[in-house]
Amino acid sequence: MFVSDFRKEFYEVVQSQRVLLFVASDVDALCAYKILQALFQCDHVQYTLVPVSGWQELETAFLEHKEQFRYFILINCGANVDLLDILQPDEDTIFFVCDTHRPVNVINVYNNTQIKLLIKQDDDLEVPAYEDIFRDEEEDEEHSGNDSDGSEPSEKRTRLEEEIVEQTMRRRQRREWEARSGSESESVAAALEKSSRLFPGPVSDRTALRSPRRDILFDYEQYEYHGTSSAMVMFELAWMLSKDLNDMLWWAIVGLTDQWVQDKITQMKYVTDVGVLQRHVSRHNHRNEDGENTLSVDCTRISFEYDLRLALYQHWSLHDSLCNTSYTAARFKLWSVHGQKRLQEFLADMGLPLKQVKQKFQAMDISLKENLREMIEESANKFGMKDMRMQTFSIHFGFKHKFLASDVVFATMSLMESPEKDGSGTDHFIQALDSLSRSNLDKLYHGLELAKKQLRATQQTIASCLCTNLVISQGPFLYCSLMEGTPDVMLFSRPASLSLLSKHLLKSFVCSTKNRRCKLLPLVMAAPLSVEHGTVTVVGIPPETDSSDRKNFFGRAFEKAAESTSSRMLHNHFDLSVIELKAEDRSKFLDALVSLLS
């Protein structure tokens, strides 16, 4: 069920309890956790943090801790699947779910006892009505007649809830019996079976769904998309509690910017949410002229900016930033000789000496830096780049350190997805978490260096794919596969990195191709995951159009294609459009996907 009063129904409930937090491995989830952590520290709430990168880790961690906790908080995981079916919790276990993944699973929406959804109701959720999904066959017969006796909705609900509980108990008993009978080690086959249990498709086994209801559920569940940032939801809770601080506001800004950088939300949604946060920024960073209540010069200051859409340019050279930002690289077509010439013409049009452009931004002449934004925007308009500036925020730590929100997103993401072998996924998660604290600026700067490597590798891989014609049309979608041995291929074995590469590659392909039909196609991309196990990561990206609503239909399509061909697929990631697939099953899987989408 949706929580309407976050203070009473969530915070005051957990305030006196010991709680366990499952936090997904993405920047928005980290920011939401940082805000909640600050609130818990204010009120001395006992909590345990468990980072989870996929469904298997979530299940394993829950089994380890379920005896010690009654209250669980899930951040950016859990809303889009039937949690009770996956985790099989005790009847007194309560889950609070703050998740941006949409659509929200209908079982979670209509469970009033164990699932509490910390999701903004003003998001465009479009959840089907209870009566449209959970009608039993007798009632269907009644409705098919000319007149109905109008049975009470409450009775209907109670009867169906009893059915749900009864079937859940049966499944639990069957699982206990299987455990006693001795099948222990979980092979790849068992993992794949678990994957099919996680995503049983639109038709739930709990209630026999007849055609109209199946259609309703299919329409509701077929597209995957993202709602309001979890960090923003947590900041609003802090504001309601009158405990919001500048640091919390900054984490909310970084959470929103993460959604924009990763193309998870529309431009309209981003601008709307920026407007909400801008009011909070004005409130927290107001400087009075009278000398009283003014901010100290060495404290944290957040300001609204209308800044350049260039990645890390204040911590890099302007030339490197122009070459490695997806927006400019795609518009100039920098993978070609003609594109490199256009970049030189662009710099000449601005009147910037190459010596200045190729040195660190911090070392550029102050006279050039003062009007740089206006100069770049004016020249960008001449070269057809109308969106060279964007609404964003920056933070100052004293005089020396200034970061844009996107800088922090890139740095934190690179630390979390780091391919370095010197630590586990949890170590990388903790490093990324530390980089969000102003007391650990050295880690943030380390993250910026990793982000530069990642951005360079991304643009080099895109250039390689386009120049060697690796992006091919399969009919209903484009397909690209990175081969084992490709330079920097291990940087893209992680889901977020591969998704970002795919989105940037699709943008560049749309700018480079002359085929109008191909410009409107989605992209499926594969990259090697594990040579030992012979697996690849596959992601699906929706079409790149100005009017795109960022809704992704590949989650359900992947599931159906694997099911029809018995491909060994693991749906382990929280985004349904990211899967792990056995390399030898790839060709039959793609054939099934083509016929399904044709």
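To keep things clear, this report deals only with the structure shown in the data block. (Residues numbered from 1 in each chain as written. Predicted model: local features only at pLDDT ≥ 70, side-chain atom pairs only at ≥ 80, totals over all residues. Heavy atoms only, no water.)

All right, on to the overall build of the protein then. Scanning the protein from N- to C-terminus turns up 26 helices and 16 strands. Evaluated residue by residue, the protein yields a buried proportion of 56% over its 598 residues. Put simply, of all contacts in the protein between residues at least 6 apart along the chain, 71% involve residues at least 24 apart. On the protein, roughly 26,600 Å² of surface is accessible, and the fraction owed to carbon and sulfur atoms is 49%. (Helix = DSSP H or I, 4+ residues; strand = E, 2+ residues; numbered from the N terminus. Buried < 20%, exposed > 50% of the residue type's maximum accessible area, 1.4 Å probe, protein only. Contact = heavy atoms within 4.5 Å. Areas by Shrake-Rupley, 256 points an atom, 1.4 Å probe, with all protein chains shown as cover.)

Right, let's get into the pattern of salt bridges. Taken as a whole and judged by the stated rule, the model has 20 salt bridges. Note that D43 is salt-bridged to K243, the shortest N-O span being 2.6 Å. Of this pair, D43 sits in the loop between helix 2 (27–42) and strand 2 (46–52) while K243 sits in the loop between helix 11 (230–240) and helix 12 (246–261); the two residues are 200 residues apart in sequence, bridging distant segments of the chain. Residues K588 and D585 are paired through a salt bridge, measuring 3.9 Å at the closest nitrogen-oxygen approach. (Salt bridge = Lys/Arg side-chain N within 4 Å of Asp/Glu carboxyl O.)

Glancing now at the nonpolar core. F22, L36, F95 and W250 are the most contacted members of the largest nonpolar core, which totals 115 residues. In terms of residues, this core owes the most to one element, helix 2, which gives 11 residues. For L36, the contacting residues outside a window of four places in its chain are F10, L21, I73, I75, M234 and L237. (Core = buried A, V, L, I, M, F, W, Y, C linked by side-chain atoms within 4.5 Å.)

One way to put it is that helix 2 packs onto helix 21 (residues 425–435) with a least axis distance of 10 Å and a crossing angle of 65°. Crossing handedness for the pair helix 2 and helix 21: right-handed. Packed against helix 2, whose contacting residues are L30, Y33 and K34, the element helix 21 presents F429, A432 and L433 at the interface. Residue classes in the contact of helix 2 with helix 21 are distributed as five nonpolar, no polar and one charged. (Axes fitted to C-alpha atoms, helices over the stretch in contact; angles between N-to-C directions. Left-handed = near helix turned anticlockwise from the far one by under 90°. Nonpolar A, V, L, I, M, F, W, Y, C, P; charged D, E, K, R; others polar.)

Right, let's talk about the sheet that holds strand 2 for a bit. Read across the open sheet, the five strands follow the order 2-1-3-4-6; overall the sheet is parallel. If you trace the sheet from one side to the other, it starts and ends with strand 2 and strand 6 (115–117), each paired once. Adjacent strand axes in the sheet meet at a mean angle of 20° when their direction is disregarded. Of the strand pairs in this sheet, strand 4 (residues 94–98) and strand 6 are connected by three bridges, and their pairing is parallel. Across the sheet, V97 pairs through a bridge with L117, a residue of strand 6. Where helix 1 (residues 6–14) meets the sheet, its contacts fall on strand 1 (18–24), strand 3 (71–75) and strand 4, and the angle it forms with strand 4 comes to roughly 120°. Seen against the sheet, helix 21 touches strand 1 and strand 2 and runs at an angle of roughly 120° to strand 2. (Pairing = 2+ DSSP bridges.)

Before going further, it helps to spend a moment on the sheet that holds strand 9 (residues 389–397). For sheets, the rule is that strands pair by backbone hydrogen bonds, running either parallel or antiparallel. Reading across from one edge, 8-9-10 is the order of the three strands in this open sheet, with antiparallel pairing throughout. Looking along the sheet, the strands with just one partner apiece sit at the ends: strand 8 (300–308) and strand 10 (401–404). Here the strands of the sheet are splayed against their neighbours by 25° on average, with no regard to which way each runs. Note that strand 8 and strand 9 share nine bridges and pair antiparallel. When the bridges of strand 9 are listed, Y306 appears paired with Q391.

A separate point is the packing of aromatic side chains. In total, this model carries 24 aromatic pairs according to the counting rule given. When the centroid spacing of 6.5 Å and the interplanar angle of 85° are considered together, the rings of F477 and F554 count as edge-to-face. With F477 in the loop between strand 11 (472–473) and strand 12 (478–481) and F554 in helix 25 (residues 554–565), this residue pair connects regions lying 77 residues apart in the sequence. Judged by relative accessible area, F477 falls into the buried class, the value being 0%. Judged by its relative accessible area of 0%, F554 falls in the buried class. Grouping aromatic residues by their ring pairs yields a cluster made of F22, F62, F69, F72 and F95. Above the plane of the ring of F361 lies K369, whose end atom (NZ or CZ) is 5.1 Å from the centre. Over the aromatic face of Y225 sits the side chain of K551, whose NZ or CZ is 4.7 Å from the ring centroid. (Phe/Tyr/Trp six-rings, centres within 6.5 Å; stacked < 30°, edge-to-face > 60°. Lys NZ or Arg CZ within 6 Å of the ring centre and 35° of its normal.)

With that out of the way, let us pick up the side chain of T228. The residue T228 is located in the loop between strand 7 (225–226) and helix 11 in this model. Here K269 takes part through its side chain, which lies 2.8 Å from a polar atom of the side chain of T228. (Polar contact = N/O pair within 3.5 Å; in protein donor to acceptor, adjacent residues only side chain to side chain.)

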